[in-house]
Every structure is written in structure tokens, then in C-alpha cells.
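# Coordinate inspection notes
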Amino acid sequence: NALQKTRKGASEGFISKVAPDGKSLDYSTYLGGGAWDGPEGIAVDALGTVFVAGMTESVDFPLKESIQGAIHGRYDGFLSAIAPDGQKLILSTYLGGRYEDGFGGIVLDADGSVFLTGSTNSPDFPIRKAYQKTLAGNKDAVLLKFKRTGD
């Protein structure tokens, strides 16, 4: 029951859902493109939608309903959402600037918003309503909030 049945790159991310009895897999799928991909954080909403965040250097990372349609740096962060059955990509996007960006922490709130934490050394990292509007060090922490559609 895989969304992506084969590995495309040298190092591929994967997501596996273990059955409630712990004795089998409901699904297991690769997630990535032709280069290095590193999922670092995962969260599941009340409906079973799986949200995965990390970093990638793949120019062909699978995208859907993306905010950023192309990789901008050596590594960019990514956020992907996979349907509860593991067979469909609901959304997937790059997010980053011209250097190295990635996400490791992910949390969902009761309203369905997605919060990501990570780091960047890109002076052109996409920001909106920022507490800190410019890169202040060699590498800075980032906190992002994605709101539900319609909010």
C-alpha cells in the first residue's frame, strides 16, 4: 500500500504505519527524490493524516499543492502530508532559501495548524509576519505555522 514503491535516490526517506495489533504494517512507503532526503519529524492528526517534515537536496522531491515549487538551495526544508491510507500525497512543498534549510520538529494544534521548527543559514529564507526579519547569525532557528485551508 505504498505511495512511492521504489527508492529514487541514494538515501530515501520512508514512512511506515504499524497496525494497531503491532503484528503487521498498514502501509510503508518511500518519500523522496533522486538525491538525499531526510525526514526528521512526524505528526498525525485526528483523522490519521500523516505530516512529515525534514530536509532534502532532491530537485525532484514529490510536490503537491506546493507553496514553493522548486528547491532554492543545497538543501531545503520540506513539509508533506499523506492520506490516512498511505496511498495519496495531500500536500508537499519545499521551503527554503539559497543555502541550507531544514525542519526537525513538528506539532499539530487542535485547530489543525501545523507548527515546524528547524534551522536556516539562508538570508533569503521566506518569512511572513516575522518576529526576527533578518538572519542574525551563521545559522538561525526558524518557527513556522501553516494554517488550515480556509483560515
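It should be noted that the structure appears before, not after, this text.
Cut-offs and rules
Within any chain, residue numbers begin from 1 and follow the written order of that chain's sequence. Local features in this predicted model are restricted to residues whose pLDDT is 70 or higher, and side-chain atom pairs enter the listing and the counts only when it is 80 or higher, whereas totals over whole chains, interfaces and linings include all residues. Hydrogens and waters are ignored; side-chain quantities use all the structure's heavy atoms. The way it works is that DSSP assigns letters per residue, a run of H or I at least four long becomes a helix, a run of E at least two long becomes a strand, and they are numbered from the N terminus. When the centres of two rings from Phe, Tyr and Trp lie within 6.5 Å, Trp using its six-membered ring, the rings pair. Their planes under 30 degrees apart give stacked, over 60 give edge-to-face, and anything left gives tilted. Classification of residues uses two cut-offs on accessible area relative to the type maximum, computed with a 1.4 Å probe and protein chains only: under 20% is buried, over 50% is exposed, and between them is partly exposed. A pair of strands counts as paired when DSSP detects no fewer than two bridges linking them. Each axis is a line fitted through C-alpha atoms, taken for helices only over the stretch in contact, and angles between the N-to-C directions span 0 to 180 degrees. In the sections that follow, a salt bridge refers to a side-chain nitrogen of Lys or Arg positioned within 4 Å of a carboxyl oxygen of Asp or Glu.

## Section: the environment of Thr 134
- Assignment of secondary structure puts Thr 134 in the loop between β8 (114–120) and β9 (140–146).
- Put simply, Thr 134 and Pro 123 are 11 residues apart on the chain and 6.6 Å apart in space, counted from C-alpha to C-alpha.

## With respect to the packing of aromatic side chains
- According to the stated counting rule, one finds 3 aromatic pairs in the structure shown.
- Relative to Tyr 75, the ring of Trp 36 lies with its centre 5.6 Å away and its plane at 85°, an arrangement referred to as edge-to-face. Taken together, the positions of Trp 36 in the loop between β2 (25–31) and β3 (37–44) and Tyr 75 in the loop between β4 (50–56) and β5 (76–82) put the pair 39 residues apart, joining distant regions of the chain.
- For Trp 36, a relative accessible area of 29% translates into the label partly exposed.
- With a centroid separation of 4.5 Å and an interplanar angle of 35°, the aromatic rings of Phe 61 and Phe 78 are classed as tilted. Of the two residues, Phe 61 is situated in the loop between β4 and β5 and Phe 78 in strand β5; the sequence distance between them amounts to 17 residues.
- According to the relative accessible area criterion, Phe 61 is buried, its value standing at 3%.
- On the basis of relative accessible area, Phe 78 is assigned to the buried category, the value being 0%.
- Among the aromatic residues, those joined into a ring-pair cluster are Phe 61, Phe 78 and Tyr 94.

## Let's talk about the sheet that holds β5
- Taken in spatial order, the 4 strands make up an open sheet running β3-β4-β5-β6, and their pairing is antiparallel. The sheet is open, and its two borders are formed by β3 and β6 (89–95), each paired with just one other strand. With direction set aside, neighbouring strand axes in the sheet form an average angle of 15°.
- Judged from the 6 bridges that link them, β5 and β6 form a sheet pairing that is antiparallel. Within the sheet, the bridge partner assigned to Gly 77 lies in β6 and is Leu 95.

## Quick look at the pattern of salt bridges
- Under the criterion given, the structure shown has 2 salt bridges.
- The closest approach of N and O atoms between Lys 17 and Asp 26, which form a salt bridge, is 3.7 Å.
- You can call Asp 26 partly exposed: its relative accessible area is 29%.
- Among the salt bridges present, the one from Glu 100 reaches Arg 74, with a minimum N-O distance of 3.1 Å. Of this pair, Glu 100 sits in the loop between β6 and β7 (101–108) while Arg 74 sits in the loop between β4 and β5, and the two are 26 residues apart along the sequence.
- Note on Glu 100: relative accessible area 24%, which makes it partly exposed.

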